[in-house]
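Residue-level structure breakdown
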Amino acid sequence: MSDSPSAGPGPSGPTAPVLDVWCDLQCPDCRSALEDLRALRARYGDRLELRLRHFPLEKHKHAFAAAQAAEEAAEQGQGWPYVEALLGRVEELDRQGEPFLVEVARELGLDAEEFDTALIDGRHILIVDADQAEGKAIGVTGTPTYVIGGERLDGGKSQAGLRERIEEITDRLLA
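Residues numbered from 1 in each chain as written. Predicted model: local features only at pLDDT ≥ 70, side-chain atom pairs only at ≥ 80, totals over all residues. Heavy atoms only, no water.

Let's shift gears to the confidence of the model for the protein chain. Looking at the protein chain as a whole, the pLDDT averages 90, with 92% of positions reaching at least 70. Below pLDDT 50 for its whole length, residues 6-13 participates in twelve contacts with residues either more than four positions away or in separate chains. (pLDDT = per-residue confidence, 0-100. Contact = heavy atoms within 4.5 Å.)

Encoded structure:
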């Protein structure tokens, strides 16, 4: 498993294709992508590894802290539920900022004090920075962006048809 929250129910087999989802956790377009990601998880289960990759955009002032918080949630065993909770409430994150990140952790039964400490000491900054650097290196410019089977699909402009395209590529890789 990668350092980022994985959406699969368990460890994927060695031949499972990987769908990297470059995401900004304060991004309304990424929230819109949640339905597609849920559908892909339901269809493929552990035959497709969904990997959240952090790409906080400068225009979202709490996105970098949210990415660090997601890494802390993953460390506490709740990476994907935390990501879904944040994406479902991007307006609250926009209004409340970092205290909201800790509040969501508390709501999910996570160690909120550890979240607060992690945001202060920056223990997850290197993971977020590495994801962002890799994203820039492969041409990610906005979120969500998907990469599967060497193909980059930009969902920041429109989600239309993307799930079908991801399914086509996944089916080909699994064949």
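With 17 residues, helix α1 (residues 28-44) should reach 24 Å at 1.5 Å per residue; the first-to-last C-alpha distance of 25 Å fits that figure. In the structure, α1 departs most strongly from a straight axis at L34, where the bend amounts to approximately 30°. Of the positions making up α1, those classed as buried are C30, A33, L34, D36, L37, L40 and Y44. Check the buried side of α1 and you find it contacts β1 (18-23), β2 (49-54), α3 (79-87), β3 (145-148) and α8 (162-174). The first or second residue beyond α1 is G45, which carries a positive phi of 55°. (Helix = DSSP H or I, 4+ residues; strand = E, 2+ residues; numbered from the N terminus. Expected span 1.5 Å × (residues − 1). Bend = angle between axes of the 7 residues up to and from the residue. Buried < 20%, exposed > 50% of the residue type's maximum accessible area, 1.4 Å probe, protein only.)

Here we take up the pattern of salt bridges. Scanning the model with the defined rule gives 20 salt bridges in all. For E151, the salt bridge identified is with R165, shortest N-O distance 2.8 Å. In this pair, E151 sits in strand β4 (residues 151-154) while R165 sits in helix α8, placing the two residues 14 residues apart along the sequence. In this structure E151 comes out as partly exposed when scored by relative accessible area, which is 25%. By relative accessible area, which is 25% here, R165 ends up partly exposed. Each of D20, R51, R53, D131 and E134 takes part in one network of salt bridges that share partners. (Salt bridge = Lys/Arg side-chain N within 4 Å of Asp/Glu carboxyl O.)

Let's shift gears to the environment of L40. Structurally, L40 is set in helix α1. It is 8.6 Å that separates the C-alpha atoms of L40 and I166, two residues lying 126 residues apart in sequence. Here L40 is in contact with L19, G45, L48, R163, I166 and E167, once residues within four sequence places are set aside.

Time to look at helix α7 (residues 125-137). An α-helix turns once per 3.6 residues; consequently, residues spaced three or four apart project the same way. Taking 1.5 Å per residue as the helical rise, α7 with its 13 residues ought to reach 18 Å, and the 18 Å between its terminal C-alpha atoms agrees with that figure. Of the residues making up α7, those classed as buried are V128, D131, Q132 and G135. When α7 is viewed along its axis, its buried side chains cluster within an angular range of 95° and face the same direction. Projecting away from the buried face of α7 at angles above 90 degrees are the exposed residues L126 and A137. On its buried face, α7 sits against β1, β2 and α2 (63-75). (Arc of directions from axis to C-beta.)

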